[in-house]
Amino acid sequence: MTVAVTLLGSTGSIGRQTLDVARRYPDRVTIVALAARGSVDRFVEQAREHPHARRALADPEAARRAQAVLGRPVLAGSAALVDLAREPGADVVVNALVGAAGLRASIATLEGTARLALANKESLVVGGTLLTGLGLDRIVPVDSEHSAIHQCLTGEPAHGVSRIWLTASGGPFRGRTSAELTGVTVAEALAHPRWTMGPKITIDSATLMNKGLEVIEAHYLFGTEYDRITVVVHPQSCVHSMVEFTDGSVKAHLGATDMRIPIQYALSMPGRWECPVEPVDFLTIGRLDFEPPDPETFRALGLAYAAGRAGGTMPAVMNAANEVAVAAFLAGTTPFLSIAETVSRVMDLHTPVEPGSVEELEAVDAWARREASAVISGD
Ligand SMILES: NC(=O)c1ccc[n+]([C@@H]2O[C@H](COP(=O)([O-])OP(=O)(O)OC[C@H]3O[C@@H](n4cnc5c(N)ncnc54)[C@H](OP(=O)(O)O)[C@@H]3O)[C@@H](O)[C@H]2O)c1
């Protein structure tokens, strides 16, 4: 039996690794649609490898160029990506878009019948109960931590969970003080010790906002209260996360630090295919360390807990402010430490409400982006 896959964000880090998994299993995976934003050369190459896949690019000019090169239609605009997510014919939609831009596609997927293999954690952070209300049982996490938790929970009664231990590598600045992070460069922040990922998530890993987004993601995916989700820094990134049960038993999920394992699981589940990478050799691994995160230096983690606990529209505000601040840091227009400062100041300006619609969430998102830009430019 083959799995028909619509891949959103095909040109990115998760997208390319998904195609790598598909390449390993041509008899098990069929790519039925490919979508990205504007990386034309990479997209054209992918479209040629999967000539029967439907195609869409969010950037209309990029779509026009790709269509001219391919000599075949390429749908244009953000709405085209959402339409692809909704189209029948896919068993799984892999949402590997980055940022809140992925929300509409996640909603469209769940409005259809396909399984949503969700890498785009931001859509869950922003969409929260709106998204889970459409079909929580059809969302399979791609994030390695949440894939780990999902697998630890399989076959367990929901009321038996007493704590989720969410592991974090600590990023490139683990062990540094706030003072030592003044003036760190973009190149230093992008040098993640364990994972090779897209730029936005790599900066989020350096601030620990990524872990904060994951705390909120775990809350929505597994229905766990924030007091029972604990982040633990585990620099070797071998334990992908742990679930503690009421009787004191703890299940951990371990494996190689390679995203192709959770991506593949999101396609193969409940079955398992052969390991796509070199498995962990416990005879050579040595030690596994665990330590608490430093909340003074990595303020973003505390902000995410606060946003999650505030609920309603607050996680969407936090996420939007963070996206703007990260983009500004990557562009060299704001320092590293001001990312959390910007997020904090925009959150202070907001009183959360329960969002009734995606339009309401998008309005709040747009407001938070304007406020974050104003904070950064000093207006
Ligand atoms: N990378 C990892 O190892 C990893 C691990 C766990 C979770 N995740 C999550 O997976 C998601 C993707 O991460 P990534 O590292 O793969 O990001 P990435 O390398 O930056 O790729 C992002 C993809 O989304 C497309 N895209 C970006 N903005 C878009 C927009 N506004 N509209 C439509 N398409 C857009 C990009 O297209 P173009 O290239 O054409 O611009 C690209 O295909 C994120 O939510 C991240 O947190 C990633």
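Residues numbered from 1 in each chain as written. Predicted model: local features only at pLDDT ≥ 70, side-chain atom pairs only at ≥ 80, totals over all residues.

1. Focus: the overall build of the protein
Within the protein, the regular secondary structure consists of 15 helices and eleven strands. Whereas a compact globule of 379 residues would reach a radius of gyration of roughly 21 Å, the protein reaches 20 Å, a difference of no more than 12%. If one aligns the C-alpha atoms of the protein with their principal axes, the spans along those axes are about 55 × 55 × 40 Å. For the protein, the residues scored as buried account for 48% of the 379 residues in total. Intrachain contacts of the protein at a sequence separation of at least 6 include 67% that bridge at least 24 residues. (Helix = DSSP H or I, 4+ residues; strand = E, 2+ residues; numbered from the N terminus. Rg over C-alpha atoms; globule rule 2.2 N^0.38 Å. Buried ≥ 20, exposed ≤ 12 C-beta atoms within 10 Å, placed from the backbone. Contact = placed C-beta atoms within 7 Å.)

2. Focus: helix H2 (residues 40-49)
Taken together, the buried positions of H2 are Val 40, Phe 43, Gln 46 and Ala 47. Along the axis of H2, the buried residues cluster in a sector spanning 125 degrees; they form a single face. Exposed residues lying more than 90 degrees from the buried face of H2 are Asp 41, Glu 45 and Arg 48. Buried residues belonging to H2 abut helix H1 (13-24), strand E2 (29-36), strand E3 (54-57) and helix H3 (60-70). (Arc of directions from axis to C-beta.)

3. A closer look at the environment of Met 1
Here Met 1 shows up in the segment before strand E1 (3-8). You can call Met 1 exposed: it has 6 C-beta atoms within 10 Å. C-alpha of Met 1 to C-alpha of Ala 66: the two residues are 65 residues apart in sequence and 32 Å apart in space.

4. Here we look at the packing of helix H7 (residues 144-153) against helix H10 (residues 209-222)
With their axes 10 Å apart at the nearest point, H7 and H10 run at an angle of 30 degrees to one another. With respect to H10, the axis of H7 lies roughly parallel. Between H7 and H10 lies a crossing of right-handed hand. On H10, the residues touching Glu 145, His 146, Ile 149 and Leu 153 of H7 are Glu 214, Glu 217, Ala 218, Leu 221 and Phe 222. A per-class count over the contact of H7 with H10 returns five nonpolar, one polar and three charged. (Axes fitted to C-alpha atoms, helices over the stretch in contact; angles between N-to-C directions. Parallel < 35°, antiparallel > 145°, perpendicular 65-115°, else oblique. Left-handed = near helix turned anticlockwise from the far one by under 90°. Nonpolar A, V, L, I, M, F, W, Y, C, P; charged D, E, K, R; others polar.)

5. A short note on the sheet that holds strand E9 (residues 229-233)
Pairing within the open sheet is mixed, and its four strands lie in the order E9-E8-E10-E11. Of all the strands in the sheet, the pair left with one neighbour each is E9 and strand E11 (250-254). Averaged over all pairs of adjacent strands, the angle between their axes in this sheet comes to 20 degrees, without regard to strand direction. When strand E10 (residues 239-245) meets E11, the two strands line up antiparallel, connected through five bridges. (Pairing = 2+ DSSP bridges.)

6. A short note on the sheet that holds strand E4 (residues 75-76)
Ordered in space as E4-E3-E2-E1-E5-E6-E7, the seven strands form an open sheet in which the pairing is parallel. Because the sheet does not close on itself, it has two edges, and the strands there are E4 and strand E7 (139-141). Bridge count for strand E5 (residues 92-95) against strand E6 (residues 115-118) is four bridges, and the pairing is parallel. Looking at the pairing, Val 93 lines up with Leu 116 of E6.

7. Some words on the site of the ligand
The ligand sits among 29 residues. The nearest are Gly 9, Gly 12, Ala 119, Met 197 and Gly 198. Examining the composition of the shell around the ligand, we find that three residues originate from one element, H1, more than from any other. Looking at the shell around the ligand residue by residue, the classes come out as 13 nonpolar, eleven polar and five charged. (Near = placed C-beta within 6 Å.)

8. Observations regarding the pairing of E3
The alternating pattern of E3 places Arg 54 and Ala 56 and Arg 55 and Leu 57 on opposite faces, both of which are buried. With four bridges connecting them, E2 and E3 associate as parallel partners. Counted as the bridge partner of Ala 35 is Ala 56 from E3. The handedness of the E2 to E3 crossover, carried by H2, is right-handed. Note: E3 against E4, two bridges, orientation parallel. For Ala 56, the partnering residue across the bridge sits in E4 and is Leu 75. (Right-handed = clockwise from strand over helix to strand, strands pointing away.)

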